[in-house]
Amino acid sequence: MRHFDFKTKPYDHQRKALEESWAAEYYALFMEMGTGKSKVAIDNVAVLYEAGKINAAMIIAPKGVYDNWAQGELVTHFPDRIKNTVFTWRPSNTKRYETDLVDFITDKPDGVKFFVINVEAFSSERGVQAANAFLHHNPDNIVIVDESTTIKNRKAARTKNINDLQKRSKYRRILTGSPITKSPMDLFSQCNFLDDRALGFNSYFAFQARYANVQKRTMGHKSFNEIVGYRRLDELSERLDRFSNRILKEECLD
């Protein structure tokens, strides 16, 4: 890492985030929009490749963002000296595309293979199969989930399918500027993708019992538990600090 030759010069906060995280099996980059989390993740791929650890990367991002990874971020930041192939997921399944996809998945890597796929694809059997096949044929891999609040809903099929990738992934990263959109409970599924026990709980209800105040409510003939407040958030923050880096725009003096 010390002698890594960057394609685009990092800011101080980006260099520090990379130095702290590059070798970790799993890590969260909680970096506000505009602070360059994509670049840190791309540099991480390059550093791991040159350390002989990986030769494949899957980037999962929302529909409106994932094309920019393939055509913008990777082109801008990934070092030219490293050979790479970028394949972008498409919902269309023409015969030619399917043949190209299979060839890409099964071909031996020459440099780094990037599979860029949108989060929504994990609601379809075809997308799930392609993602799992890619990781199966390319076990020396890293999986990066951009805008990871898209997997905060633990009940959603796409969240379950993305979290299942953990079994086939060697390294994992989540990226988001705002990990909590409505409630600290948003953190569970995002961190569960990184590791079953990243937060110390492999059960959502055990996590909820530790950090939320719950009251039983009755409506008609139905009763349900409602979260009415939160507790021990300092402890939760300390647990997050073990595997994450929080960067706010106002802190980036350079």
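Residues numbered from 1 in each chain as written. Predicted model: local features only at pLDDT ≥ 70, side-chain atom pairs only at ≥ 80, totals over all residues. Heavy atoms only, no water.

1. Some words on the pairing of strand β4 (residues 112-118)
Okay, step 1: In terms of residue burial, β4 counts as a mostly covered element, since seven of its seven residues are buried.
Okay, step 2: Of the two faces of β4, both are covered, the one formed by V112, F114, V116 and N118 as well as the one formed by K113, F115 and I117.
Okay, step 3: A crossover links strand β3 (residues 84-88) with its parallel partner β4, the connecting element being helix α4 (residues 95-106), and its sense is right-handed. (Buried < 20%, exposed > 50% of the residue type's maximum accessible area, 1.4 Å probe, protein only. Helix = DSSP H or I, 4+ residues; strand = E, 2+ residues; numbered from the N terminus. Right-handed = clockwise from strand over helix to strand, strands pointing away.)

2. Some remarks on the packing of α4 against helix α5 (residues 125-137)
Okay, step 1: Remark: α4 packs on α5, axes separated minimally by 8 Å, with the N-to-C direction vectors making an angle of 30°. Viewed along their axes, α4 and α5 adopt a mutual orientation that is roughly parallel. Listed contacts from α5 to Y97, E98, L101, F104, I105 and T106 of α4 are R126, A130, A133, F134 and H137.
Okay, step 2: For the contact of α4 with α5, the residue count by class is seven nonpolar, two polar and two charged. (Axes fitted to C-alpha atoms, helices over the stretch in contact; angles between N-to-C directions. Parallel < 35°, antiparallel > 145°, perpendicular 65-115°, else oblique. Contact = heavy atoms within 4.5 Å. Nonpolar A, V, L, I, M, F, W, Y, C, P; charged D, E, K, R; others polar.)

3. Let's talk about the packing of aromatic side chains
Okay, step 1: Scanning all chains against the criterion turns up 15 aromatic pairs.
Okay, step 2: Residues Y26 and F243 carry aromatic rings whose centres are separated by 5.7 Å and whose planes lie at 65° to one another, so their mutual orientation is edge-to-face. Of this pair, Y26 sits in strand β1 (residues 26-31) while F243 sits in the loop between α9 (233-241) and β9 (244-247), and the two are 217 residues apart along the sequence.
Okay, step 3: Using a relative accessible area of 22% as the deciding quantity, one classes Y26 as partly exposed.
Okay, step 4: Here the aromatic rings of F201 and F207 are separated by 6.1 Å at their centres, their planes lie at 70°, and the arrangement is edge-to-face.
Okay, step 5: Taking relative accessible area as the criterion, F201 reaches 14% and is therefore assigned buried. (Phe/Tyr/Trp six-rings, centres within 6.5 Å; stacked < 30°, edge-to-face > 60°.)

4. Things to note about the sheet that holds β4
Within a sheet, adjacent strands bond to each other through the backbone by hydrogen bonds, running parallel or antiparallel.
Okay, step 1: Read from one edge of the open sheet, seven strands run β3-β4-β2-β5-β6-β1-β9, paired in parallel fashion. Edge positions in the sheet fall to β3 and β9, since each has one partner strand and no second. Each neighbouring strand pair of the sheet contributes to a mean axis angle of 15°, computed without reference to strand direction.
Okay, step 2: Here helix α7 (residues 187-194) sits on the sheet in contact with β1, β5 (141-146) and β6 (171-176), set at roughly 150° to β6. (Pairing = 2+ DSSP bridges.)

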